[in-house]
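Descriptive analysis of the structure
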Amino acid sequence: MRSDGQNWAIEQFEDVVARSNGALEIVEIAEPAESGGTLKISVSVDCSGYPRAEGGAPLRPRERLLIWVAPQFPLNIPLLRFAHSDYGGFAHVQWGCSICLYQSPETEWQPADGMFGFVQRMHEWLRAAAANQLDPVGFPLHPPVAYHDGKALVVVPTVNTPTPDPPWWAGYAKIVRENDVCVELGEWTDYKSAAPEIHVAPAILLPGDMPFEYPQTFAALRAVLEVRHISVEVIRLLFAIGALRNPGNKPLVFVLGAAMRGVAGGERCQHLAAWRIKADDALTLREAVLARTDNNPLDEEWFNKWSEKASIDWCSVLEDRPEIVTPRDAGTPAAYWRDRHVSILGCGAIGSTIAMFLARAGVRKLTLYDKTVVKPGVLARQIFDRHQVGYGKAHATRTNVRYIDPRIEVVPLQKDIVGLLGDVELGQELLDADVVINATASVRVAAALEQRLRGWPRSHPPIISMAVGHRADSGLMTLARSRGPGVAQDLDRRLKLEFANSPNAGTLLDEFWPIGTTGSRLFQPEPGCSDPTFVGSAADIAILTGRMLNVASGWLSSDGDDRACGFGMQISSLPRTRGDTPPELEYTWPDDDVLVDPRLGYQIRLAPAAKSAMLGWMRQSERRWGATPETGGILFGEIDRFLKLIWVTAASGPPPDSKASPTGVICGTRAMLESGVRARYNWLE
């Protein structure tokens, strides 16, 4: 009994046949044997008009094709097969007769097109097959197939293969990780070298091709390999070495490569297949090798007997070789981090999440700093699990990173960051990275970084500082460039001033620098002396840190840009309806001029705007009073007596009750007292 979808398929197909002028004919329709069964349509297709080319499929003038329509049509794509197996050696023909119409069925098949779209695709495939254009130049080659079931052992190659010289390359692939369902392959070793004293997978790599469909028995595979000048003796010796290095309870994996990967018309890379030899067989071969004598070659006898009847249990090969796989984040901001060394200060909500993002982005090394341990309450928003409660956050983060990519070098340090920055050697190790990310949101750490790097222009790596608001609905970030005069505390201050002068940043200013702070914003997660923290979920943290990391990636990848940067963002719980409240604000700043007070050792950081204003007042005074009188005025900024820093942010001219002479200036006070600027700035004379 046909389903509604199958009825619709027949209606559409008969309509196509009626309009085809005899190019398409229905030979037979086999109805479903039962409800939910498959509808089979046997058709005859006129192929005489398709252009032919050398190497193309030698299609008959009329080809007999079989179309299998599932009851869930058009959600399920019909299957298309030849009524014979004459084209089984061609690409895109599997099991000798099944035609691969779609490279990506999930995106190419349009259910709404129904049988009209299916027939059009069938026509295009037959035309391309006859013209030898199934793999056109510039398009990916269809690799050969080694059939396996859904329970096959998974093999993951992670290292590029050697380039095999004719007639073949033989050796071993190091097995770096394995479990009951997956084997991961590492470095390759030539058979002429000593086989590593570890678990290995024997391997043969061919500089040429293999049949499109790999054999299902060892006897058939041996015949194929002998044609390619690989004797059974070579295979046996590789098997023997592999069995000697194989744990007794593990199956033996054999790798077979052929130059059949890549883009048509381009360089060919190795396509890897692998088959599994049962653990019992591998153990028997191992025992036979160990018991072998010159007069009693037990291993050869066993291998020859086994190979006559052995079937091949092909594995599922999931590629992770750089020469084969294009990273799925290629072209995204995250691509900046590949092969970098990053130091992360703080492995809490922000730091632990960033470590996961960087691990997936392909960092080479992570150095993790955090002195605290995982507590039950943080599981709501930090990237840990209940089994890690009680472990140091740096060590727990290392474990999570290794789950993503065990090849990343991860150094966890459960130490106080402020203390490390105060130590000359340890502080240098902390800064020995391509990028430093300060995820502590700690004023003490910011001050320690500023103190450590106060000796500008000494170079240091770019330093990114991140923080989130008390309800995890806003984020704040700065980037200190390699040779800038200020770091976390300096740029934090600049960002505060930008927010104060912006009509759209009032919410961010009030969030991170509130006037009259009260305890209402402090969330005490535990009784006692637990640090006040914020309320927020793992989803909130992922949104904030992910966006900030992408923005930072863009900053760092900007060639030739040496300006410091600042960024603020807000997450709204409701859709935004006002265009004057942007969700993100971004700033860049030129370096301050740096002057040193030789008497007290203060460093004076003069902002470009303040310097420009001072020079303007000097020129105005000179034009008005001549070069003899001193020029006076008011400087606005801030003094940090611990760091011995003086920031000069803005400058104005002298108040009207000031007095200037060649010997000095007496600055008036009338305009200063009337001005409201003191609400935001400390001032200096």
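Residues numbered from 1 in each chain as written. Predicted model: local features only at pLDDT ≥ 70, side-chain atom pairs only at ≥ 80, totals over all residues. Heavy atoms only, no water.

Re the overall build of the chain
A count of helical and extended segments in the chain gives 17 helices and 29 strands. For the chain, the C-alpha atoms occupy an extent of roughly 110 × 75 × 55 Å along the three principal directions. Here the chain holds 685 residues, and 46% of them are scored as buried. For the chain, restricting intrachain contacts to residue pairs at least 6 apart in sequence, the fraction spanning at least 24 positions comes to 65%. When the accessible surface of the chain is summed, it comes to about 34,500 Å², and 52% of that surface belongs to carbon and sulfur atoms. (Helix = DSSP H or I, 4+ residues; strand = E, 2+ residues; numbered from the N terminus. Buried < 20%, exposed > 50% of the residue type's maximum accessible area, 1.4 Å probe, protein only. Contact = heavy atoms within 4.5 Å. Areas by Shrake-Rupley, 256 points an atom, 1.4 Å probe, with all protein chains shown as cover.)

Comments concerning the packing of aromatic side chains
To describe a pair of aromatic rings, you give the distance between the ring centres and the angle between the ring planes. Within this structure, the stated rule accounts for 26 aromatic pairs. Plain terms: the ring middles of Y102 and W109 are 6.0 Å apart, the flat faces sit at 75° to each other, and that makes the pair edge-to-face. Each member of the pair, Y102 as well as W109, carries the same accessibility label: buried. When the centroid spacing of 5.8 Å and the interplanar angle of 85° are considered together, the rings of F218 and F303 count as edge-to-face. Taken together, the positions of F218 in helix α4 (residues 218-227) and F303 in helix α7 (residues 298-309) put the pair 85 residues apart, joining distant regions of the chain. Neither F218 nor F303 differs from the other in exposure class; each is buried. Site record: aromatic cluster; members linked through ring pairs are Y214, F218, F239, F254, W275, W302, F303, W306 and W314. The ring of W68 carries the charged tip of K40 above its face, separated from the ring centre by 4.7 Å. Between R81 and the ring centre of W68, over which it is positioned, the NZ or CZ distance is 4.3 Å. (Phe/Tyr/Trp six-rings, centres within 6.5 Å; stacked < 30°, edge-to-face > 60°. Lys NZ or Arg CZ within 6 Å of the ring centre and 35° of its normal.)

So, the pattern of salt bridges
Opposite charge on two side chains permits them to pair, given that their charged atoms come into close proximity. As enumerated under the stated definition, the model contains 31 salt bridges in all. The salt bridge involving E197 is made with R245; its shortest N-O contact spans 3.1 Å. On the criterion of sequence distance, the pair formed by E197 in the loop between β9 (182-190) and β10 (200-205) and R245 in the loop between α5 (232-244) and β11 (252-262) is long-range, its members being 48 residues apart. Exposure remark for R245: the relative accessible area of 19% places this residue in the buried category. (Salt bridge = Lys/Arg side-chain N within 4 Å of Asp/Glu carboxyl O.)

Description of the packing of helix α8 (residues 349-361) against helix α9 (residues 393-404)
Geometrically, a packed helix pair is captured by the angle between its two axes and the distance between the axes. Orientation of α8 relative to α9, taken along the N-to-C sense of each, is 25°, at an axis distance of 9 Å. With respect to α9, the element α8 is oriented roughly parallel. Of the two possible hands of crossing, α8 and α9 adopt the one that is right-handed. The segment α8 lies against α9, with S352, A355, M356, A359 and R360 engaging T397, N400, V401 and I404. (Axes fitted to C-alpha atoms, helices over the stretch in contact; angles between N-to-C directions. Parallel < 35°, antiparallel > 145°, perpendicular 65-115°, else oblique. Left-handed = near helix turned anticlockwise from the far one by under 90°.)

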